[in-house]
Amino acid sequence: MRKQIVAGNWKMNKTLQEGIDLAKSVNELNEQVDGDVEVIVAAPFIHLSEVSRVLSSVRLSAQDCASEANGAFTGEVSAEMVRSAGVEYVIIGHSERRTIFKEDDITLNKKIKLALDNGLIPIFCCGEVLEERESGKLFDVIQTQVEIALFDLDPADMGKIVIAYEPVWAIGTGVVATPEQAQEMHAYIRKLIREKFGDSLADELTILYGGSCKPSNAREIFANTDVDGGLIGGASLNAEDFIAIVQSF
Ligand code: PGA
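Residues numbered from 1 in each chain as written. Predicted model: local features only at pLDDT ≥ 70, side-chain atom pairs only at ≥ 80, totals over all residues. Heavy atoms only, no water.

**Q** What is the right way to read the layout of surface pockets from this model?
**A** If you roll a probe as big as a water molecule over the atoms, it shows you where there is empty space left. Taken as a whole, the largest pocket holds about 480 Å³ of empty space. If you trace the largest pocket, you find 20 residues lining it, with Lys 11, Met 12, Gln 63, Arg 97 and Phe 101 closest to the centre. Residues that form the lining of the largest pocket fall into these classes: nine nonpolar, five polar and six charged. (1 Å grid on protein atoms, 1.4 Å probe; cavity = no way out; pocket = protein on both sides within 12 Å on 5 of 7 lines; lining within 4 Å. Points joined across faces, edges and corners; volume = space filled by probe spheres on them. Nonpolar A, V, L, I, M, F, W, Y, C, P; charged D, E, K, R; others polar.)

Take a look at the structure:
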């Protein structure tokens, strides 16, 4: 049985106190939810150590980490620092990092290795922009992203990774992928991993869908064979909405 995960990516939202309050509410509501879904919140760096203190039923993620281990990199936060703040997961390669901060696949591969070396579980994001989908290049784009970021990992490390498929045209736009579009790409990603790393690793890989996922559409997306949960942006800023998504399995 694959692990099912719902992760909330708060992005650059919430003051420290608001973040602590949101984490407390999510944790409390999640305590009343039956089932085995792993619930994660990805808070801004500055909130991590305080938020880690108020979580019990919910796991904690960072939204990024540096591509270097330590040293003279003003403003950066290393994987080791993230781990030392009581964090278990780290999102790597979110499309906002790729587009706005110009992170390429080689940089993301370095981040993934540093995260793994420091005991963090990477949530690796991939996804195509609208023109790439419309021109039929979507599978090639995802293949390149996955190959460069993940294919030189050893199988033991690859077995720890979570992948999030986030079509860029669906992020924060209110336009959600259809269940068929999500299933098609999730099955394709699983096939890529199967061909490189074998059946058992592919069968156990958790693949999340991200992009305008809400309480009203999560159920039909999560119902697909190869969709193992969601990476939720906007709707994770409200504890009730976020937990309603958790309950959509
Ligand atoms: P959204 O963001 O749910 O607001 O579309 C998803 C994400 O960026 O992870």
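That shown, we press on.
**Q** How should unusual backbone geometry be read in this particular structure?
**A** Backbone phi values are negative for most residues with the exception of glycine, while trans is the configuration of most peptide bonds. Phi is positive for Lys 11, close to 55 degrees, though the residue is something other than glycine. Within the secondary structure layout, Lys 11 lies in the loop between β1 (5-9) and α1 (16-31). Its identity is not glycine, yet Lys 14 carries a phi of approximately 85 degrees, on the positive side. Assignment of secondary structure puts Lys 14 in the loop between β1 and α1. Residue Lys 14 is classed as partly exposed on the basis of its relative accessible area of 31%. (Helix = DSSP H or I, 4+ residues; strand = E, 2+ residues; numbered from the N terminus. Buried < 20%, exposed > 50% of the residue type's maximum accessible area, 1.4 Å probe, protein only.)

**Q** Can you walk me through the site of the ligand in this structure?
**A** Around the ligand there are 13 residues in total, and Lys 11, His 94, Glu 166, Gly 172 and Ser 212 lie nearest to it. The separation between an oxygen atom of the ligand and a polar main-chain atom of Gly 172 is 2.6 Å. Protein coverage of the free-state accessible area of the ligand, which is 290 Å², stands at 94%. Along the lines of polarity and charge, the residues of the shell around the ligand split into four nonpolar, seven polar and two charged. (Near = heavy atom within 4 Å. Polar contact = N/O pair within 3.5 Å; in protein donor to acceptor, adjacent residues only side chain to side chain. Areas by Shrake-Rupley, 256 points an atom, 1.4 Å probe, with all protein chains shown as cover.)

**Q** Is there a simple way to think about the packing of aromatic side chains in this case?
**A** Each aromatic ring pair is summarised here by two numbers: the centre-to-centre distance and the angle between the ring planes. Across all of its chains, the model carries three aromatic pairs by this definition. With a centroid separation of 4.9 Å and 70 degrees between ring planes, the pair formed by Phe 139 and Tyr 188 is classed as edge-to-face. Taken together, the residues span a long stretch of sequence, with Phe 139 in helix α7 (residues 138-150) and Tyr 188 in helix α9 (residues 179-197) at a distance of 49 residues. With centroids separated by 6.0 Å and ring planes inclined at 85 degrees, the aromatic side chains of Phe 151 and Phe 197 adopt a geometry described as edge-to-face. Of this pair, Phe 151 sits in the loop between α7 and α8 (155-158) while Phe 197 sits in helix α9; the two residues are 46 residues apart in sequence, bridging distant segments of the chain. Residue classification places Phe 151 among the buried positions, given a relative accessible area of 19%. (Phe/Tyr/Trp six-rings, centres within 6.5 Å; stacked < 30°, edge-to-face > 60°.)

**Q** Is there a simple way to explain the pattern of salt bridges in this structure?
**A** Here the idea is simple: oppositely charged side chains can pair when their charged atoms come close. Counting across every chain of the model gives 19 salt bridges. The closest approach of N and O atoms between Lys 160 and Asp 157, which form a salt bridge, is 3.3 Å. The exposure class assigned to Asp 157 is buried, which follows from its relative accessible area of 18%. Residues joined in a network through salt bridges with shared partners are Arg 2, Arg 190, Asp 226 and Asp 228. (Salt bridge = Lys/Arg side-chain N within 4 Å of Asp/Glu carboxyl O.)

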